[in-house]
2 protein chains.
Amino acid sequence: MKQTNVFYQHGTLALLVPGLLSGTLTMKELLQHGDTGIGTGEGLDGELIILDGVPYQADSFGKVHVIGNDFSMPFANIHFADFKFLTSLKDADPEKFANAALSGKTNANTFFSIRVRGSFSYMKTRAVVKSSRPFDTLEETAKKQSIFEKHNIEGTLLSYYSPTLFHGAAVGGFHNHFLADDHSIGGHVLDFKLASGKLDIQLFDTLEQHLPVNNNEFMEHDFSKDNIADAIERAE
Amino acid sequence: MKQTNVFYQHGTLALLVPGLLSGTLTMKELLQHGDTGIGTGEGLDGELIILDGVPYQADSFGKVHVIGNDFSMPFANIHFADFKFLTSLKDADPEKFANAALSGKTNANTFFSIRVRGSFSYMKTRAVVKSSRPFDTLEETAKKQSIFEKHNIEGTLLSYYSPTLFHGAAVGGFHNHFLADDHSIGGHVLDFKLASGKLDIQLFDTLEQHLPVNNNEFMEHDFSKDNIADAIERAE
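Since the model is a prediction, treat every value here as computed from it, not as a measurement.

Caption draft 1: Inspection of the interface of chain B and chain A at higher detail. If you look at the interface, chain B gives 26 residues, while chain A gives 26 residues. Buried area between chain B and chain A, both sides added, is near 2200 Å², and the carbon and sulfur share of it is 65%. Its largest share of buried area at the contact with chain A, chain B owes to B:Asn109, B:Leu165 and B:Met219, together 28% of the area lost on that side. Along the contact surface separating chain B from chain A lie zero salt bridges. Run the count over chain B and chain A and you get 12 residue pairs in polar contact (both at pLDDT 80 or more). Elements that contribute at least two residues to the side of chain B that touches chain A include exactly strand E14 (206–210) and helix H5 (216–220) of chain B. The element best represented in the side of chain B that touches chain A is E14(B), accounting for five residues.

Caption draft 2: Region of interest: the pattern of salt bridges. Within the structure shown, the criterion is met by 14 salt bridges over all chains. For B:Lys84, the salt bridge goes to B:Asp82, with nearest N and O atoms at 3.4 Å. Among the ionic pairs, B:Asp136 bridges to B:Lys144, the shortest N-O distance being 2.4 Å. Residues joined in a network through salt bridges with shared partners are A:Arg115, A:Lys198 and A:Asp200.

Caption draft 3: Local environment of the packing of aromatic side chains. Residue and element names in this part refer to chain A. Per the counting criterion, the structure on display carries 24 aromatic pairs over all chains. Between phenylalanine 120 and phenylalanine 192, the aromatic rings sit 6.0 Å apart at their centres with planes inclined by 80 degrees, giving edge-to-face as the arrangement. Residue phenylalanine 120 is located in strand E10 (residues 112–127), and its partner phenylalanine 192 is located in strand E13 (residues 186–203); the two are separated by 72 residues in the primary sequence. You'll find phenylalanine 120 and phenylalanine 192 in the same group, each marked buried. Aromatic rings pair up to connect Phe97, Phe112, Phe120, Tyr161, Phe174, Phe178 and Phe192 into one cluster.

Caption draft 4: The relation of the copies chain B and chain A, seen in detail. With an RMSD of 0.0 Å, chain B superimposes on chain A once it is rotated by 180 degrees and translated 0.0 Å along the axis. Expressed as an axis order, the relation between the two copies is that of a two-fold axis. Considering only C-alpha atoms, the residue of chain B closest to the rotation axis is B:Glu208, which sits at 2.3 Å.

Caption draft 5: Geometry of the side chain of B:Glu208. Its place among the elements puts B:Glu208 in strand E14. B:Lys2 provides the closest opposite charge to the buried, salt-bridge-free B:Glu208, at an N-O distance of 15 Å. In this structure, B:Glu208 is in contact with A:Thr206, A:Leu207, B:Val6, B:Phe7, B:Tyr8, B:Gln9 and B:His33, ignoring residues within four places of it in sequence.

Caption draft 6: Region of the structure containing helix H3 (residues 94–102) of chain B. Residue and element names in this part refer to chain B. All buried positions along H3 are accounted for by Phe97, Ala98, Ala100 and Ala101. Buried residues along H3 cover an arc of 165 degrees about the axis, so they all sit on one side. Residues of H3 that are buried sit in contact with strand E9 (84–92), strand E10 (112–127), strand E11 (146–162), strand E12 (173–180) and strand E13 (186–203).

Caption draft 7: Main features of the pairing of E12(B). Residue and element names in this part refer to chain B. Taking burial as the measure, the eight residues of E12 include seven buried ones, the bulk of the element. As defined by bridge partners, E11 adjoins E12 across eight bridges and the pair is classed as antiparallel. Bridge assignment links serine 159 to a residue of E12, and that residue is asparagine 176. Note that E12 and E13 share three bridges and pair antiparallel. Along E13, the bridge assignment pairs leucine 179 with glycine 186. Where E12 hands over to E13, the hairpin turn is made up of five residues, of which histidine 183 adopts a positive phi near 60 degrees.

Caption draft 8: Up close: the environment of B:Ala92. Structurally, B:Ala92 is set in strand E9. Residues B:Ala92 and B:Phe120, 28 residues apart in the sequence, show an inter-C-alpha distance of 9.2 Å.

Caption draft 9: Expanded view of the pairing of E10(B). Residue and element names in this part refer to chain B. For E10, a buried count of 12 out of 16 residues is recorded, marking the element as mostly surrounded by other parts of the structure. In this sheet, E11 lies alongside E10 in antiparallel orientation, the contact comprising 15 bridges. Each bridged residue has a counterpart across the sheet, and for alanine 127 the counterpart in E11 is serine 146.

Caption draft 10: Representation of the environment of B:Phe178 within the structure. Residue position: B:Phe178 is located in strand E12. Spatially, the C-alpha atoms of B:Phe178 and B:Ile49 are 7.2 Å apart, while their sequence positions differ by 129 residues.

Caption draft 11: Examining a negative patch on the surface more closely. On the surface, B:Asp93, B:Glu95, B:Glu149 and B:Asp191 cluster together into a negatively charged patch. Of note, B:Asp191 is situated in strand E13.

Caption draft 12: Looking closely at unusual backbone geometry. The step from A:Arg133 to A:Pro134 runs through a cis peptide bond, and the omega angle for that step is -10 degrees. Mapped onto the elements of the fold, A:Pro134 is located in the loop between E10 and helix H4 (138–143). With a phi close to 50 degrees, A:Asp52 is a non-glycine residue in the positive phi region. Given a relative accessible area of 63%, A:Asp52 falls into the exposed group. The residue B:Leu44 is not glycine, and still its phi comes out positive at about 55 degrees. One can find B:Leu44 in the loop between strand E3 (36–41) and strand E4 (45–51). Take B:Leu44: its relative accessible area is 3%, and that puts it in the buried class.

Definitions and cut-offs
- Residues numbered from 1 in each chain as written.
- Chains lettered and ligands numbered in written order.
- Predicted model: local features only at pLDDT ≥ 70, side-chain atom pairs only at ≥ 80, totals over all residues.
- Heavy atoms only, no water.
- Contact = heavy atoms within 4.5 Å.
- Buried area = accessible area lost by both parts, 1.4 Å probe.
- Salt bridge = Lys/Arg side-chain N within 4 Å of Asp/Glu carboxyl O.
- Polar contact = N/O pair within 3.5 Å; in protein donor to acceptor, adjacent residues only side chain to side chain.
- Helix = DSSP H or I, 4+ residues; strand = E, 2+ residues; numbered from the N terminus.
- Phe/Tyr/Trp six-rings, centres within 6.5 Å; stacked < 30°, edge-to-face > 60°.
- Buried < 20%, exposed > 50% of the residue type's maximum accessible area, 1.4 Å probe, protein only.
- Least-squares fit on C-alpha atoms with pLDDT ≥ 70 in both.
- Lys, Arg positive; Asp, Glu negative; His and termini not counted.
- Arc of directions from axis to C-beta.
- Pairing = 2+ DSSP bridges.
- Patch = residues over 30% accessible without salt bridge, like charges linked within 9 Å, V, L, I, M, F, W, Y side chains within 5 Å.
- Areas by Shrake-Rupley, 256 points an atom, 1.4 Å probe, with all protein chains shown as cover.
- Charge placed at Lys NZ, Arg CZ, Asp CG, Glu CD.

Here it is as structure tokens:
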């Protein structure tokens, strides 16, 4: 049975910080937990977005690919889509988007997803450059990211919101990925202006947090020396 | 199917801090997620331990009761027992116990449970006193706790370990509850000396974190003003 109340997360943001970037879950395994999601590949290989069960990768060259079952990931979020219409928005920047996503509802203490379909007058994304072993830390990788910009593009922005309490495990606040309908731009969203679009929302009551317990590098790592919150703040 | 890799948590430690102590899950609902666990009742009504599917409450008068299906809780942990023998220990205080639970294995980055069955030369527990609406904060409640001590008692100590990253959501480090075989003492463990006993361990790769999204007090609470880590440190 598809559990539409569950937000599934493989890995943690914290394990990316010191560069524990081994792929520890395959796309085939991930897709057992949902049809809609975001993530990154081994070595921070691009930015992923999964829509209607199809996984896309926006790579650091600005190309969008459909990826296969064997593609492996250190970190991903996924859920089974059951969105409800929330509101329509015009001329919305990230702040207006966040206010609309949170206002009128009191969702800040739980996990939820927002899907925005519409026309964006501006979209700015980044895609990280894959690093090889020994993997870079998250901050080193973030310095090497590619930045992409487009004006007047139709597409889907997929957002996950996690409560502040879970920052470090998840990304506290909103974490947004984008895919243009024509696949001309995708990636981790840095900035945008929504000209006009429809926001759908799906609230979760359960976080299913899966950890890569069979990965020795993860299990043996001493996290006490990583300043996780600060590093995520600078890199995300 | 009973998933023995899953550590289920209802509520968070963080919601206890400001006194969000409404019972938001019944024992009947909780027992769908396991047969072994710990928790507390509405208003911090005593200390719970679930062994072999039977839920016991150690109340603030020092009595142990079997509790019913309708008993409701703001916070609980549970899992389906599938323990493996870890080691035998003699003359072990909490530090020696913690070293044995963590040594030889690299479990500190994931969730696990330890079950200790044996003879305790000393056991010191507490049980909180139930508060009524308006509920006390966790610190106020902790000041009113009852303390119990026993020497030379047989029983079961059930311990859950959570990684530091999840402190605030869960109890970072070890969280131990106890029940004497003769039910003469139980509760949240403050100190102990294990004369001789057997440690069993069960590792989890998944935290299933359930939040009380239908509870308006929880959903509307502003957690940004609660100093959660400090308050838990002082109260736990």
